[in-house]
Amino acid sequence: MRIGIIGGNGWIGGAVARALVAAEVVPAGDLTLSCRSEPPGWLPTAHWTRDNQALADRSDVVILSVRPQDWPAVAVAAPGKLVVSVMAGVTLADIAGRVGTDRVVRAMPNAAADVGRSYTPWTATAGVTDDDRVTVARLVGSIGSGDEVAGEAVIDYMTGLSGTGPAYPALLAAALIRDAVTHGVSPEVARRSVVAMLVGTGRLLEKTDEDPEETVAEFVEYRGVTAAGIEAMRAAGFDTAVSKGLAAALGKSLALGTAKGPSDAA
Ligand SMILES: NC(=O)c1ccc[n+]([C@@H]2O[C@H](COP(=O)([O-])OP(=O)(O)OC[C@H]3O[C@@H](n4cnc5c(N)ncnc54)[C@H](O)[C@@H]3O)[C@@H](O)[C@H]2O)c1
């Protein structure tokens, strides 16, 4: 199987490229990566090109990883081939029509792909075969875990949820660290303690399979220090702020699908 990544020099395209080779889904020589400028120097044995049509012609699977705003300028035909898009907002029908195939998948990874911990939901057109699903599961498995989900509405929503990857936990972490530092904790200790909290939380939730709602309830029922913190955060609008943030992210995700013009101008 030969794989091509349009936008292979980007944040996500590059992470996927390195993961595919590391997981031995494809040898570097069978990987084609397109970029708009000089090849960056990593994966030197992959085939680098500026010609997206040449990339599609020498690949069995084409991954689309340009920003949604740059998609209208990508002219590429991959008739009948499996095309996997990671682009926010851009629809299956748009891709199928432009590329000329009925085998299209929309997958939504996140930046933890860089450390093999992306959660990547995906959905497929009716033309996607059982063999294609096995291929997509291998692609997704190389950067972490994922699930096939029912329809594009779920992908559009998940773009603003799991697609944001480390962003919301980092937002919480930054607020926690800022507050700790204003209370006299050294920045190094604040950062180390908060990162340990995030990693520890992830590992605990994974290990116990506990619903986070139960974790919160357990601490609230304990009626101690943590309960006081949780209740004050909720009274100050924590849940509302999260809902509003997710609604804004969904709105942007839908709007990006109809975005026009180069990302540089966005
Ligand atoms: N960054 C994320 O966390 C994230 C998460 C999920 C999905 N995505 C999606 O992944 C896609 C890529 O995002 P990114 O963050 O990697 O962006 P990026 O800007 O880092 O990478 C995009 C790459 O595409 C290149 N490019 C643009 N037009 C091109 C063309 N015509 N031919 C070849 N290369 C071209 C750019 O030069 C750039 O290197 C986007 O559609 C985005 O919605 C990103």
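Look up: the structure comes first, before these words.
Residues numbered from 1 in each chain as written. Predicted model: local features only at pLDDT ≥ 70, side-chain atom pairs only at ≥ 80, totals over all residues. Heavy atoms only, no water.

1. Let's talk about the nonpolar core
Reasoning step 1: Ranked by size, the top nonpolar core spans 30 residues in total, and within it Ile-3, Ile-5, Leu-20, Leu-31 and Val-84 carry the most contacts.
Reasoning step 2: Every element with two or more residues in this core is listed here: strand E1 (3–6), helix H1 (11–22), strand E2 (31–34), strand E4 (61–64), strand E5 (82–85), strand E6 (104–107), strand E7 (118–124) and helix H4 (130–142).
Reasoning step 3: When residues of this core are assigned to their parent elements, the largest contribution, five residues, is made by H1.
Reasoning step 4: Grouped together as the second largest cluster of nonpolar side chains are 18 residues, Ala-56, Val-66, Ile-95 and Val-104 included. (Core = buried A, V, L, I, M, F, W, Y, C linked by side-chain atoms within 4.5 Å. Buried < 20%, exposed > 50% of the residue type's maximum accessible area, 1.4 Å probe, protein only. Helix = DSSP H or I, 4+ residues; strand = E, 2+ residues; numbered from the N terminus.)

2. Some points on the packing of aromatic side chains
Reasoning step 1: Counted by the stated rule, this structure contains one aromatic pair.
Reasoning step 2: Between Trp-42 and Trp-48 the ring centres are 5.1 Å apart and the planes differ by 80°, which places this aromatic pair in the edge-to-face class.
Reasoning step 3: You can call Trp-48 buried: its relative accessible area is 14%.
Reasoning step 4: The aromatic ring of Trp-42 is capped on one face by Arg-18, whose charged end is 4.6 Å from the ring centroid.
Reasoning step 5: Cation over ring: Arg-98 sits above Trp-71, and NZ or CZ is 4.1 Å from the ring centre. (Phe/Tyr/Trp six-rings, centres within 6.5 Å; stacked < 30°, edge-to-face > 60°. Lys NZ or Arg CZ within 6 Å of the ring centre and 35° of its normal.)

3. Here we look at the layout of surface pockets
Reasoning step 1: Of the voids in this model, the second largest pocket is the one considered here, and its volume is about 1300 Å³.
Reasoning step 2: Lining the second largest pocket are 43 residues, with Ile-12, Ser-65, Val-66, Arg-67 and Pro-68 sitting closest to its centre.
Reasoning step 3: Listing elements by their share of the lining of the second largest pocket, those giving two or more residues are H1, helix H5 (152–160) and helix H10 (238–256).
Reasoning step 4: By residue number, the principal contributor to the lining of the second largest pocket is H10, which donates four residues.
Reasoning step 5: Of the residues in the lining of the second largest pocket, the class split is 21 nonpolar, 17 polar and five charged. (1 Å grid on protein atoms, 1.4 Å probe; cavity = no way out; pocket = protein on both sides within 12 Å on 5 of 7 lines; lining within 4 Å. Points joined across faces, edges and corners; volume = space filled by probe spheres on them. Nonpolar A, V, L, I, M, F, W, Y, C, P; charged D, E, K, R; others polar.)

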